[in-house]
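Chain by chain, the residues run as shown.
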Amino acid sequence: MTDHAIRHNWKLSEALALFALPFNDLLFRAQTVHRQHFDPNEVQVSTLLSIKTGACPEDCKYCPQSGHYNTGLEKEKLLEIEKVVAEAKAARDKGASRFCMGAAWRSPTQKDMPYVLDMVRQVKSLGLETCMTLGMLDQSQANQLAEAGLDYYNHNLDTSEKYYNHIITTRTYQDRLDTLENVRSAGMKVCCGGIMGMGEDADDRAGLLVQLANLPHHPESVPINMLVKVAGTPLEQAEELDPFDFVRTIAVARIMMPASHVRLSAGRENMNDQMQALCFMAGANSIFYGEKLLTTANPEADKDRQLFQRLGIRPEQRETHCTDDDQESGLVQAIEDERNSRLFYDASQSAASQRA
Ligand code: SAM
Ligand code: DTB
Ligand code: SF4
């Protein structure tokens, strides 16, 4: 077995040994693995929408939407399907290939199911890949979503099993693993990752990645979130994580799950361009694109287009196609326009400097 084979038997000691490598050695290994499985200059682009915001019965200590904490968040009822479809269309036209819909639920009720199933069908008919994150699912709910055409289900383990009880008490680690199994048996793709910077230690970061990599199938998508510290949540004052440890986590995820998309997820609003470039170098190849995550801010779309243009990154094209393929090129065209305006700018600058 080579270093880069897909493995499901990772030991904690092996993950810790990767974390302990000198930074440059780790990034070189991660980038080498990345190039064996992906175009290193392509990044998948997803857009998020909260379809039901706030008043969640769970007590996740990081979450602005938990009803247990006073975060000043305006809670909202279920969004109308027409509004969701309009947002999905706008995201598609701006170049997103996947549309992710999130609800602040412990799990959907039977009454909610027809609504979410209809939503999946309508968003999918726009030619977008669909993803939902609605909390825990039983087997029948997972089957119904799969049948309606849902491509991905997001359900995060968030942290290691050992640290989990410090973060959530209203559902267990095993509950989460059960949902992941239901999603997988229904035939959907799994999006599963965690959050860094919640006061966990290196063992916990390694422990989470071992859990993910030792699932019977690696999640196709692995979101690595940097905690967004929201006032009113118990983690508001969490100690700052060394940014290099965040980059290390992405690199180790890339090495342990070589064929998965690793998403540089929440927290980009507080990262500069250099930090994000390091994350791409470490093997991140997916982002959330658009000004809002679920309830907190994400970088402005034109800032991301500029970043892609400066780094020579192309948005990955979606797998499903609609008849109107002009939409496909929305982001590609915007990045090209960005490049041209820069070339124009550079040319005039250099002409000016030649005259001087
Ligand atoms: N209620 C559903 C659930 O928890 O399964 C779906 C929505 S929930 C907001 C989706 C994920 O967002 C969480 O699992 C967590 O990993 C991430 N998340 C929530 N608040 C966050 C924060 N403040 N910083 C970073 N990630 C966060
Ligand atoms: C994931 O891992 N991160 C996204 C998505 N899956 C659903 C959510 C991030 C939420 C950040 C806090 C907020 O905006 O409410
Ligand atoms: Fe609810 Fe999900 Fe937030 Fe937990 S992470 S409080 S389950 S919305």
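For the structure itself, look to the data block above.
Residues numbered from 1 in each chain as written. Chains lettered and ligands numbered in written order. Predicted model: local features only at pLDDT ≥ 70, side-chain atom pairs only at ≥ 80, totals over all residues. Heavy atoms only, no water.

Asker: A description of the overall build of the protein chain should follow, citing residues and the corresponding values.
Answerer: Per the secondary structure count, the protein chain includes 12 helices and 10 strands. Taking all 356 residues of the protein chain together, 55% fall into the buried category. Look at the contacts in the protein chain between residues 6 or more apart in sequence, and 75% of them connect residues 24 or more apart. Of the accessible surface of the protein chain, which amounts to about 15700 Å², a share of 51% is contributed by carbon and sulfur atoms. (Helix = DSSP H or I, 4+ residues; strand = E, 2+ residues; numbered from the N terminus. Buried < 20%, exposed > 50% of the residue type's maximum accessible area, 1.4 Å probe, protein only. Contact = heavy atoms within 4.5 Å. Areas by Shrake-Rupley, 256 points an atom, 1.4 Å probe, with all protein chains shown as cover.)

Asker: Explain the site of ligand 1 to me, and be specific about the residues and the numbers.
Answerer: Taken together, the neighbourhood of ligand 1 is formed by 17 residues, with Tyr62, Thr133, Asn156, Asp158 and Val228 sitting nearest. A distance of 3.1 Å separates an oxygen atom of ligand 1 from a polar side-chain atom of arginine 171. Take valine 228: an N or O atom from its main chain is 3.0 Å from a nitrogen atom of ligand 1. When ligand 1 sits alone it has 550 Å² of accessible area, and the protein chains cover 91% of it. (Near = heavy atom within 4 Å. Polar contact = N/O pair within 3.5 Å; in protein donor to acceptor, adjacent residues only side chain to side chain.)

Asker: An account of the pattern of salt bridges is requested, with residue identities and associated values reported.
Answerer: In total, this model carries 16 salt bridges according to the counting rule given. Of the charged contacts, one joins arginine 7 and glutamate 14 as a salt bridge, the two residues approaching to 2.9 Å between their closest N and O atoms. In this structure, lysine 162 and aspartate 204 form a salt bridge, with 3.0 Å as the shortest nitrogen-oxygen distance. Of this pair, lysine 162 sits in helix α6 (residues 161-164) while aspartate 204 sits in helix α8 (residues 202-213), and the two are 42 residues apart along the sequence. (Salt bridge = Lys/Arg side-chain N within 4 Å of Asp/Glu carboxyl O.)

Asker: Give a detailed account of the pairing of strand β1 (residues 42-52), specifying residues and quantitative values.
Answerer: Burial runs high along β1: 10 of the 11 residues are buried. Examined bridge by bridge, β1 and strand β10 (residues 314-315) share 2 bridges and lie parallel to one another. Bridging across to β10, valine 43 finds its partner in proline 315. In this structure, β1 lies alongside strand β9 (residues 286-288), joined through 3 bridges in parallel fashion. Paired with valine 45 across the two strands is isoleucine 287, which belongs to β9. As a crossover connection, the stretch from β1 through helix α3 (residues 81-93) into strand β2 (residues 98-103) is right-handed. (Pairing = 2+ DSSP bridges. Right-handed = clockwise from strand over helix to strand, strands pointing away.)

Asker: Lay out the pairing of strand β8 (residues 261-264) in plain terms, naming residues and giving numbers.
Answerer: For a regular strand, side-chain orientation follows a simple rule: the groups alternate between the two sheet faces. In β8, alternate side chains face the same way, and those of His261 and Arg263 on one face and Val262 and Leu264 on the other are all buried. Bridging between strand β7 (residues 221-226) and β8 involves 4 bridges; their strand directions are parallel. Bridged to proline 223 within β8 is arginine 263. For the crossover that starts at β7, traverses helix α9 (residues 243-256) and ends in the parallel β8, the hand is right-handed.

Asker: Describe in detail the site of ligand 3, supporting the description with residues and values.
Answerer: Taken together, Cys56, Glu58, Cys60, Tyr62, Cys63, Ser66, Ala104, Trp105 and Arg171 make up all the residues around ligand 3. Taken together, the residues that form the shell around ligand 3 break down as 6 nonpolar, 1 polar and 2 charged. (Nonpolar A, V, L, I, M, F, W, Y, C, P; charged D, E, K, R; others polar.)

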